[in-house]
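# Descriptive structure summary
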Amino acid sequence: MLSLLLIFVAGPRYGQSNVLVYVLVCSAIGSLSVSCVKGLGIALKELFSGKPVLKEPLGWVLLVCLVICISIQINYLNKALDIFNTSVVTPVYYVLFTTAVMMCSAILFKEWQHMVLDNIIGTISGFLTIVSGIFLLHAFRDMPFSPNLLPLLLSDLRVLSC
């Protein structure tokens, strides 16, 4: 539903001026494609164990949904990359896509129910570390840095510590 609103309402109005519109479409649809792939993986596992999965319509529905989701995702990612700079689209897309996949997996597959507290903390910590790293890389990408500056920075740190 959110994707349809973004595609048909927000996209035509704000897509040319706001990077989040097309990237949110890619992320939301992308999270569905990840879930379709996970479902197809389960179906293949069942197929190799000898169950008649090819006769069931669910596997075929997942395959069709996957093709549709990937097509929409690539279309809107290309739209975002045509309009906005890659250095803006890529980090925003990565963070939103990862967030959407985590939320979709938590809802559809109830993965968080069976996780112990250590695994939950580790997953959230890893996610926050990646988000922080992407933010830092994006925030300081224009800062000039060369190996010649390293001795100066180290000497400044020695002066401050004394």
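Within every chain, residues take consecutive numbers counted from 1 along the sequence as written. Reporting of local features is limited, given that this is a predicted model, to residues whose pLDDT is at least 70; pairs of side-chain atoms are given and counted only at 80 or more, and all residues count toward the totals for whole chains, interfaces and linings. No hydrogens and no water enter the side-chain calculation; it runs on all heavy atoms of the structure.

### So, the pattern of salt bridges
Threshold: Any Lys or Arg side-chain nitrogen found within 4 Å of a carboxyl oxygen on Asp or Glu counts as a salt bridge. Exposure categories follow from relative accessible area, calculated using a 1.4 Å probe and restricted to protein chains: below 20% of the type maximum is buried, above 50% is exposed, and the middle band is partly exposed.
In total, this model carries one salt bridge according to the counting rule given. Between Glu-46 and Lys-51 there is a salt bridge, and its shortest N-O distance comes to 2.9 Å. Judged by relative accessible area, Glu-46 falls into the partly exposed class, the value being 24%.

### Quick notes on the nonpolar core
Defined as follows: The criterion is simple. A nonpolar core is a set of buried Ala, Val, Leu, Ile, Met, Phe, Trp, Tyr and Cys residues joined through side-chain atoms within 4.5 Å. A run of H or I in DSSP becomes a helix once it reaches four residues, and a run of E becomes a strand once it reaches two; helices and strands are each numbered from the N terminus. In what follows, residue pairs with any heavy atoms lying within 4.5 Å of each other are defined as contacts.
Val-19, Tyr-22, Val-23, Val-25, Tyr-76, Ala-80 and Val-89 are the most contacted members of the largest nonpolar core, which has 16 residues in total. Listing elements by their share of this core, those giving two or more residues are helix H1 (2-14), helix H2 (19-48), helix H3 (57-83) and helix H4 (86-108). Sort the elements by how many residues they give to this core and H2 lands first, with seven residues. Not counting residues up to four positions away in its chain, the partners in contact with Tyr-22 are Gly-11, Gly-15, Gln-16, Tyr-76, Lys-79, Ala-80 and Ile-83.

### Focus on the UniProt feature "transmembrane region" (unreviewed entry) in the protein
Heads up, the condition is: UniProt positions are given in the numbering used here, feature names are shortened, and annotations may be inferred rather than shown by experiment.
As annotated in UniProt, the feature "transmembrane region" (unreviewed entry) corresponds to residues 20-37, 58-76, 88-108 and 120-140 in the numbering used here. For the annotated span residues 88-108, helix accounts for 100% and strand for 0% of the residues, and the straight-line distance between the end C-alpha atoms is 30 Å. Taken end to end, residues 120-140 comprises 95% helix and 0% strand; its first and last C-alpha atoms sit 30 Å apart.

### Digging into the UniProt feature "signal peptide" (unreviewed entry) in the protein
Under the feature "signal peptide" (unreviewed entry), the UniProt entry names residues 1-17. The straight-line gap between the two end C-alpha atoms of residues 1-17 is 22 Å; of that span, 76% is helix and 0% is strand.

### What to know about the packing of H2 against H3
As a reminder, the rule being used: To get an axis, fit a line to the C-alpha atoms, keeping to the stretch in contact for a helix; angles then go from 0 to 180 degrees between the N-to-C directions. Oblique is the label for any angle not under 35 degrees, not over 145, and not in the 65 to 115 range, which are roughly parallel, roughly antiparallel and roughly perpendicular in turn. Take the far helix as your reference; a near helix turned counterclockwise from it by less than a right angle gives a left-handed crossing, and one turned clockwise gives a right-handed crossing. Classification convention: Asp, Glu, Lys, Arg as charged; Ala, Val, Leu, Ile, Met, Phe, Trp, Tyr, Cys, Pro as nonpolar; all other residues, Gly among them, as polar.
Packing of H2 against H3 brings their axes to within 8 Å, and their N-to-C directions diverge by 155°. Considering the angle they form, H2 stands roughly antiparallel to H3. When the axes of H2 and H3 are compared, the crossing they make is left-handed. Looking at side-chain class alone, the contact of H2 with H3 contains 20 nonpolar, five polar and one charged residues.

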